[in-house]
Amino acid sequence: MHPTLNIAIKAARRAGQIINRASLDLGQVRVTTKQHSDYVTEVDRAAEAAIIEVLRDAYPKYAILAEESGASTGSEGDSDYQWIIDPLDGTTNFIHGFPQYAVSIGLALNGVMQQGVVYDPNRNELFTATKGGGAFLNDKRIRVGGRAKLSDALIGTGFPYRVFDRVDEYLSIFKDLTQKTAGMRRPGAASLDLAWVACGRIDGFWEFGLSPWDMAAGSLLITEAGGLTGDSKGEQDFLNNGDMVAGNPKIFGQLLQVIAQHQQR
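How each quantity is defined
Residues numbered from 1 in each chain as written. Predicted model: local features only at pLDDT ≥ 70, side-chain atom pairs only at ≥ 80, totals over all residues. Heavy atoms only, no water. 1 Å grid on protein atoms, 1.4 Å probe; cavity = no way out; pocket = protein on both sides within 12 Å on 5 of 7 lines; lining within 4 Å. Points joined across faces, edges and corners; volume = space filled by probe spheres on them. Helix = DSSP H or I, 4+ residues; strand = E, 2+ residues; numbered from the N terminus. Nonpolar A, V, L, I, M, F, W, Y, C, P; charged D, E, K, R; others polar. Contact = heavy atoms within 4.5 Å. Expected span 1.5 Å × (residues − 1). Polar contact = N/O pair within 3.5 Å; in protein donor to acceptor, adjacent residues only side chain to side chain. Pairing = 2+ DSSP bridges. Axes fitted to C-alpha atoms, helices over the stretch in contact; angles between N-to-C directions. Phe/Tyr/Trp six-rings, centres within 6.5 Å; stacked < 30°, edge-to-face > 60°. Buried < 20%, exposed > 50% of the residue type's maximum accessible area, 1.4 Å probe, protein only.

A. Here's a closer look at the layout of surface pockets. Empty space within the second largest pocket amounts to approximately 240 Å³. In terms of lining, the second largest pocket is formed by G111, V112, M113, K131, S219, L220, T223, E224, T229, Q236, F238 and L239. With four residues, helix α6 (residues 212-224) is the largest single contributor of residues to the lining of the second largest pocket. By residue class, the composition of the lining of the second largest pocket is five nonpolar, five polar and two charged.

Below you can see the structure in the form of structure tokens.
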């Protein structure tokens, strides 16, 4: 296992311990609202601080992009490596005791994902991937599902909850896919949705307006598990534009076709 992946796993598990401890008494967790339907808790901040401490200790020169603290450079200030961190993806779920949230840590080299970890502290499921080295769930190799028809596929998504400028486009796609698939699911933590595509629990996923830390680790899991990722046009610019479509190779293309029919005309 690559040493940077080992460190990312250590950091994710450390964050998971903080999250699990806090989940035992949610009534004591202090919550602040960043904007409409966008929450941050002291648990997000504590988990992020723990992750950054582990990563900085091992790789002080690497840059960091984290959800709560933003972007920071390494000690040298010019590293080509950048950690991309979501300490608690699914904060709203966490606040409600809805057990669907995860820690996500990715490592990019000049914008290309090299390592990815998504850790589900509820199920103690650790998803990991190394560029060129495959994807794993708790050390067992995983592959995307094999369903070939959209009509047989279970598709994950995430509804807009902060910015609603594309909600009509979104709902038209959702309506179309509801009629063309075996079912739609909206669990509420994109990093975990992507991990579930990687291990075949869902066959595809799409969402608009995501942040890099929602997608970084999960996108590598999927490609290393034999799947495809792209933005709403199938291009590889999703970390920058926030639109994510993913799936096994057959479902991915069919999802893009449906989405294309509803893009702002």
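Continuing now.
B. Here's a closer look at the environment of M113. By secondary structure assignment, the location of M113 is in strand β7 (residues 112-120). Linking M113 and T32, residues 81 residues apart in sequence, is a C-alpha distance of 31 Å. Setting aside residues no more than four positions away along its own chain, M113 makes contact with I84, G106, L107, A108, K131, A216, A217, S219, L220 and L239.

C. Representation of helix α2 (residues 42-58) in the model. Between its first and last C-alpha, α2 extends 25 Å over 17 residues, near the 24 Å set by a 1.5 Å rise per residue. If you check the start of α2, you find a side-chain oxygen 3.0 Å away from the backbone N of V43, and it comes from T41.

D. Focus on the environment of W83. Structurally, W83 is set in strand β5 (residues 81-89). Spatially, the C-alpha atom of W83 lies 16 Å from that of R45, the residues being 38 residues apart in sequence. Ignoring anything within four residues of it in the chain, the contact list for W83 reads T4, A8, L55, Y59, Y62, A63, I64, L65, I105, G106 and L107.

E. Geometry of the sheet that holds strand β13 (residues 204-207). With mixed pairing, the five strands of this open sheet are ordered in space as β12-β11-β13-β15-β14. Both edges of this open sheet fall to β12 (183-185) and β14 (228-230), since each of them pairs with a single strand only. Between one strand and the next, the sheet's axes are offset by a mean angle of 15°, whatever the strand orientation. Alignment of strand β11 (residues 154-157) against β12, held across three bridges, turns out to be parallel. Residue pairing in the sheet places L154 in a bridge with G183 of β12.

F. Expanded view of the sheet that holds β7. Sheet architecture is open: eight strands sit in the order β4-β3-β5-β6-β7-β8-β9-β10, paired in mixed fashion. Only two strands of the sheet have a single neighbouring strand rather than two, namely β4 (70-72) and β10 (140-141). Across seven bridges, the pairing between strand β6 (residues 102-109) and β7 is antiparallel. Across the sheet, the residue bridging to V103 is Y119, located in β7.

G. Focus on the packing of aromatic side chains. Enumeration according to the criterion identifies 10 aromatic pairs in this entry. Seen from their ring centres, Y59 and W83 are 6.2 Å apart, and the 55° between their planes marks the pair as tilted. Here the residue Y59 occupies a position in the loop between α2 and β3 (63-66), and W83 occupies one in strand β5, the gap between them amounting to 24 residues. Here F94 and Y101 contribute two aromatic rings whose centre-to-centre distance is 5.3 Å and whose plane-to-plane angle is 85°, an arrangement assigned as edge-to-face. A relative accessible area of 3% means that Y101 is categorised as buried. Three or more aromatic residues joined by ring pairs make a cluster, and in this case those are F159, Y170, F174, W206 and F208.

H. Broad picture of helix α8 (residues 249-260). Along its 12 residues, α8 runs 17 Å from first to last C-alpha, staying within 8% of the 16 Å computed at 1.5 Å per residue. On its buried side, α8 packs onto β11, α4 (167-180), β13, β14 and β15 (244-247). The backbone nitrogen of K250 lies 3.0 Å from a side-chain oxygen of the residue at the head of α8, namely N248.

I. The side chain of T229, seen in detail. Considering the arrangement of structural elements, one finds T229 in strand β14. The class of T229 is buried, set by a relative accessible area of 5%. Among residues more than four places away in sequence, those in contact with T229 are S219, I222, T223, Q236, F238, M244, V245, A246 and F252.

J. Expanded view of unusual backbone geometry. For N124, which is not glycine, the phi torsion reads 50° and is therefore positive. By secondary structure assignment, the location of N124 is in the loop between β7 and β8 (125-130). Given a relative accessible area of 40%, N124 falls into the partly exposed group. Even without a glycine there, the phi angle at N138 is positive, about 50°. By relative accessible area, N138 is classed as partly exposed at 39%.

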